[in-house]
Amino acid sequence: MLGIIGAMDEEISQIAELMTDVEETTIAEMTFKKGTIGGKEVVAVRSGIGKVNAAMCTQILATYFHVDSVINTGVAGSLRNEINIGDIVISTDALQHDMDATGFGYELGVIPRMKVSTFVADDRLAKLAKEACIEANLGIGVHCGRVVSGDQFITDKATKQRLIDNFDGYCTEMEGAAIAQAAYLNGIPFLVIRAISDKADDSANMDYSEFERHAIDNSVALMKILIANI
């Protein structure tokens, strides 16, 4: 069974509309919609915004629904000049940019007393996502790289540059790495797919409001094909 997580209703509602034989279960104020898409068993859920919500949601998918893999879909801010609004970023790995235990001698982003702090996405899911992008023929850029997550909406150039310098990220958002960590701890393959809604700089608030819908539409178009091919 495939688990699909979006932080907001806008990111998950169109996918849920494709489902048949839907059963709804509410746990921790999250409504999990279990059904089928093209004969494939799927659970789609809005986690809510932020890392805690995202990690809890992933654990529920693992414990209660016993999902075989997890895909996180949604929007993000670009961290690279060549990644434009509307483009898609497929994760190679994910980490938390606001994990800071440097006072204990750890490098920025390292989670104390864990074997790994950078969580590698599933190769098979990433390959299928790239193929789905080609099939969707959206006329946008598709990029494979690191997703950096934190409980911050990045809206200034200085913070954006810090994320670039320290983490070499492709995009920044607020859930992906938490989902990745929870999936890793449960031994579940994961992938983060993000459509770019803004440039994560001083124009982010304005860009996000204007381009959120366009970015989500691109993400949903990709997800429809990806689910069919998994």
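Residues numbered from 1 in each chain as written. Predicted model: local features only at pLDDT ≥ 70, side-chain atom pairs only at ≥ 80, totals over all residues. Heavy atoms only, no water.

Asker: Help me understand unusual backbone geometry in this model?
Answerer: Keep in mind that most residues, glycine aside, have a negative phi and that most peptide bonds are trans. Located in the positive-phi region is Asp21, a residue other than glycine, with phi close to 55°. One can find Asp21 in strand β2 (residues 20-27). Look at Asp21 and you get exposed, because its relative accessible area is 65%. (Helix = DSSP H or I, 4+ residues; strand = E, 2+ residues; numbered from the N terminus. Buried < 20%, exposed > 50% of the residue type's maximum accessible area, 1.4 Å probe, protein only.)

Asker: How do you make sense of the environment of Ser91 when you look at a structure like this?
Answerer: With respect to the helices and strands, Ser91 occurs in strand β6 (residues 88-96). For Ser91 and Met30, which are 61 residues apart along the polypeptide, the C-alpha to C-alpha distance reads 25 Å. Setting aside residues no more than four positions away along its own chain, Ser91 makes contact with Ala121, Gly145, Val147, Phe190, Leu191 and Val192. (Contact = heavy atoms within 4.5 Å.)

Asker: Got a minute to help me understand the packing of aromatic side chains in this structure?
Answerer: Two measures describe an aromatic ring pair: the distance that separates the ring centres and the angle between the ring planes. Scanning the model with the defined rule gives 3 aromatic pairs in all. Centroid distance Tyr64 to Phe65: 4.8 Å. Interplanar angle 65°. Geometry classified as edge-to-face. Judged by relative accessible area, which is 48%, Tyr64 ranks as partly exposed. The exposure class of Phe65 is buried, given its relative accessible area of 8%. (Phe/Tyr/Trp six-rings, centres within 6.5 Å; stacked < 30°, edge-to-face > 60°.)

Asker: Looking at this structure, I do not really get helix α4 (residues 157-167). What am I missing?
Answerer: Think of an α-helix as turning once every 3.6 residues; residues three or four places apart then point the same way. Listed as buried for α4 are Thr159, Lys160, Leu163 and Phe167. For α4, the angular spread of buried residues about the axis comes to 105°, placing them on one side. Turned more than 90 degrees from where α4 packs its buried face, Lys157, Ala158 and Asp165 sit exposed. The inward-facing, buried residues of α4 abut β5 (69-78), β6, β8 (142-149) and β9 (171-173). (Arc of directions from axis to C-beta.)

Asker: Help me understand the pairing of strand β10 (residues 190-198), please; the structure alone is not making it clear to me.
Answerer: For β10, a buried count of 9 out of 9 residues is recorded, marking the element as mostly surrounded by other parts of the structure. The pairing of β5 with β10 spans 8 bridges and is classified as parallel. Looking across to β10, one finds that Ile71 is bridged to Leu191. Inspection of the sheet shows β6 paired to β10 by 3 bridges, in the antiparallel sense. Residue pairing in the sheet places Ile90 in a bridge with Ile193 of β10. (Pairing = 2+ DSSP bridges.)

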